[in-house]
Amino acid sequence: MDPNDLERVKIKQADACLVLANKYSHDPDAEDAASIMRVISIKNFCEEIRVIIQLMQYHNKAYLLNIPSWDWKRGDDVICLAELKLGFIAQSCLAPGFSTMMANLFAMRSFKSSSTTLNMWQNDYLRGSGMEMYTETLSKAFNGLTFPQAAELCFTKLELLLIAIEVKGDDLHDNQIAINPKPVIKLASNTQGFFMAQSAEEVKRVFFYCKHCHEDVTDPSTIKKCKCKNYDEKLEADAIKDSVLVRKENPNVDASSQVKPVGAPMLMNTLKALQNKDGKNSPTQSKKPGRLGSGGASPVSTPGHRKGRDLRSPKMVDGIPSSRSNSHAALPPVDKLPLVVPLGVDAMNSVVEVEQQQKRFDSTGMFHWCPDRSIEECILDRNQAAMTVLNGHVVVCLFAEPESPLIGLRNLVMPLRASNFHYHELKHVVILGNLDYIKREWRNLHNLPKISILEGSPLSRADLRAVNVNLCDMCTILSAKVAGIEDPTLADKEAILASLNIKAMHFDDTLGLLQSQSDGRDSQLGSPLVMQRKGSVYGANVPMITELINDSNVQFLDQDDDDDPDTELYLTQPFACGTAFAVSVLDSIMSTTYFNDNALTLIRTLITGGATPELELILAEGAGLRGGYSTPETLANRDRPRVAQIGLFEGPLAQFGKTGSKYGDLFVYSLKNLGMLCIGLYRFRDAHENQGQASVCTKRFVITNPANDFSLYPTDLLFVLQQFDPKAGNENRNRQKTRWSAVSREAEA
């Protein structure tokens, strides 16, 4: 705040300035206000300095946009702890253990050969925890390949995991990250890839790889710069120069006739062909080029430090609205919207058929949306909750006082309402806690579907039984209370007591009741399945993730865990198993963002479910999500990958659950046949001792990016980046009606 101090530290000569927040502040809003004032002071002294700031509360991000010299193009960025923390936990509700995997990826630590004192599971976990996220330019050998082909080559030949690529706009300035894009995208020269690897030296293999010199190499560590490399670099530089000259000399040349770093989305091409054939355009069709929004690419632009890239103003590619476009404004009445069904894209019929007739998504098309609901409509008492068919849901155990600081529950629920899920796939969210506090959060939740509230205490076993905690897919334990200063170990007392309370509970070993609705439609409450799955008999088997304020308190979560109190959080059993999460693990993202300005964009894309710069500007207004009419452009935004967890004991990958199956074979099969990119395993802790058979211990741990020859067990669960399936909506509804009809006939008989 003092210009003299800024002069003494030579802020004008600095490469960047990092502003850290006090995560244990009693008043998060006041702490954020002080941090923002520091940014104002720094920018007032030197507006060109790159600033990366930590904020506690998501709603305070809007104030940064009011600073005149705050510029995403310079690499200025904000790391919101509440947004990332709750986003990590939300993804763990979809794929338990995913928060641990992501936290380790950005922790910037290395792995060394294990000692003999480590157990087998610890060795497998630590190898994965040493993985980091790297970016590197792909060599000329990858030109023209689709992403699945490139990912297969990297994994099988170079022992690298390629999870995303950076694609450029027509002016070579606006970059976007495409995570596990579909085969319609072809890799161009100098494409930058995002890799999971142990070291930067390993990632260099993809830069040096030459098809002529390295095709027969069996040891990837021997791949170094070859004689062809200098010649290839000259050709690539000339190609880029010629491409820029062509665009400058022929600005009106149709972009589709040029070689692009990203293929035009199939859906939008079909729509354009149909419209041109009819000789007219949709009234909502933009005449400007659109941005990437199909082909499995996530429509999120990346800030380019010192490269003129603007996160808030991405260009448009192939007719899909950018973050500054007017995709949600001045739309015609719903009864006059054209019903455009793309020819040859049968998979999109189920998406376009109903959703264009009503508002079911927000104005960006990235999240499910519903009209405003009063909180009274969603409140259940204990008897109503007990009679409601709750199954496969998410239970949020929330400790809060009426005046506790808001933690932003919207950041937890929004990733669970991403539009790349069909409505029937959305997990119902039941919030158990103080009603007066939840009322303050409700103004940011009232437009999100499938939410119920039970006023009560997470420490009450009667309340926990009423919400069917033994049938939930995940139980999250959060606290909005301000930590006391007298004893830091007591900061997590409620969360720890609630966790131990659930683990000590016993439940009846029975199947759930049949769902009461016979029309086959998804109910507002409960699962669309006809019969509930078998619940956990013991509370210790309930899927759970507990948020901790103090890292050292992790020792109290597992009574059978012999971790030393001084053990680092990532080395403890609860964290390795994905059952504990602490905000302290997010500190490393500050340094990661400094070294790689695309890293934070990749993290946000993975954990927020698709939050865009446009959506952030809408939320900054303070009015919450806005509903929008479904247009071909917004529906195309649904076509993006999502995090999922798939078992090997049944389903399309059951063949790899047999003894002797290898991870490398599973990786290639999933990528080629299912479009799924495998990124890790979730394995029983003692699976090695029991050879993958069922055991008494139900604790699983995370294995990030296993080796090609890693052995699989039938009890393993697989972390994948899964493509959106447009046909799943109708198929599920038809299957649901068939099941209910069969059950009804049996009941009548």
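Draft legend 1. Inspection of the side chain of N60 at higher detail. Following the sequence through the fold, N60 ends up in the loop between β2 (51-55) and β3 (77-80). Beyond its immediate stretch of four places on either side in the chain, N60 contacts D29, D32, I36 and L55.

Draft legend 2. Structural detail: the sheet that holds strand β7 (residues 192-197). In spatial order, the strands read β4-β7-β5-β6; together these four strands make up an open sheet with antiparallel pairing. Looking along the sheet, the strands with just one partner apiece sit at the ends: β4 (132-137) and β6 (175-179). Adjacent strand axes in the sheet meet at a mean angle of 25 degrees when their direction is disregarded. Alignment of strand β5 (residues 161-168) against β7, held across five bridges, turns out to be antiparallel. Paired with L161 across the bridge in β7 is M196. Sheet strands touched by helix α7 (residues 200-208): β4 and β7. Its angle to β4, the strand with the most contacts, is close to 30 degrees.

Draft legend 3. Fine view of a nonpolar patch on the surface. Judged by side-chain polarity, M1, M37 and I40 come together as a nonpolar surface patch covering roughly 290 Å² of accessible area. Counting through the fold element by element, I40 comes out in helix α2 (residues 28-45). Residue classification places I40 among the partly exposed positions, given a relative accessible area of 35%.

Draft legend 4. Local environment of the environment of F98. Summarising the element assignment, F98 is placed in helix α4 (residues 98-105). Excluding anything up to four places from it in sequence, F98 contacts Q91, S92, V643, I679 and F719.

Draft legend 5. Structural view of the nonpolar core. Judged by nonpolar contacts, the single largest core of 146 residues is most densely connected at F142, I163 and Y663. The contacts of Y663, once residues within four sequence positions are left out, are F155, C678, I679, G680, L681, P706, A707, N708, F710, L712 and L718. C397, V430, L464 and A498 belong to the second largest nonpolar core, which has 23 residues in total.

Draft legend 6. The sheet that holds β2, seen in detail. Across the sheet, three strands lie side by side as β1-β2-β3; this open sheet has parallel pairing. Looking along the sheet, the strands with just one partner apiece sit at the ends: β1 (17-19) and β3. Along the sheet, successive strands turn relative to each other by an average axial angle of 15 degrees, direction set aside. Here β1 runs beside β2; their pairing, made up of three bridges, is parallel. Bridged to V19 within β2 is I53. Here α2 sits on the sheet in contact with β1 and β2, set at roughly 170 degrees to β2.

Conventions we followed
Residues numbered from 1 in each chain as written. Predicted model: local features only at pLDDT ≥ 70, side-chain atom pairs only at ≥ 80, totals over all residues. Heavy atoms only, no water. Helix = DSSP H or I, 4+ residues; strand = E, 2+ residues; numbered from the N terminus. Contact = heavy atoms within 4.5 Å. Pairing = 2+ DSSP bridges. Axes fitted to C-alpha atoms, helices over the stretch in contact; angles between N-to-C directions. Patch = residues over 30% accessible without salt bridge, like charges linked within 9 Å, V, L, I, M, F, W, Y side chains within 5 Å. Areas by Shrake-Rupley, 256 points an atom, 1.4 Å probe, with all protein chains shown as cover. Salt bridge = Lys/Arg side-chain N within 4 Å of Asp/Glu carboxyl O. Buried < 20%, exposed > 50% of the residue type's maximum accessible area, 1.4 Å probe, protein only. Core = buried A, V, L, I, M, F, W, Y, C linked by side-chain atoms within 4.5 Å.

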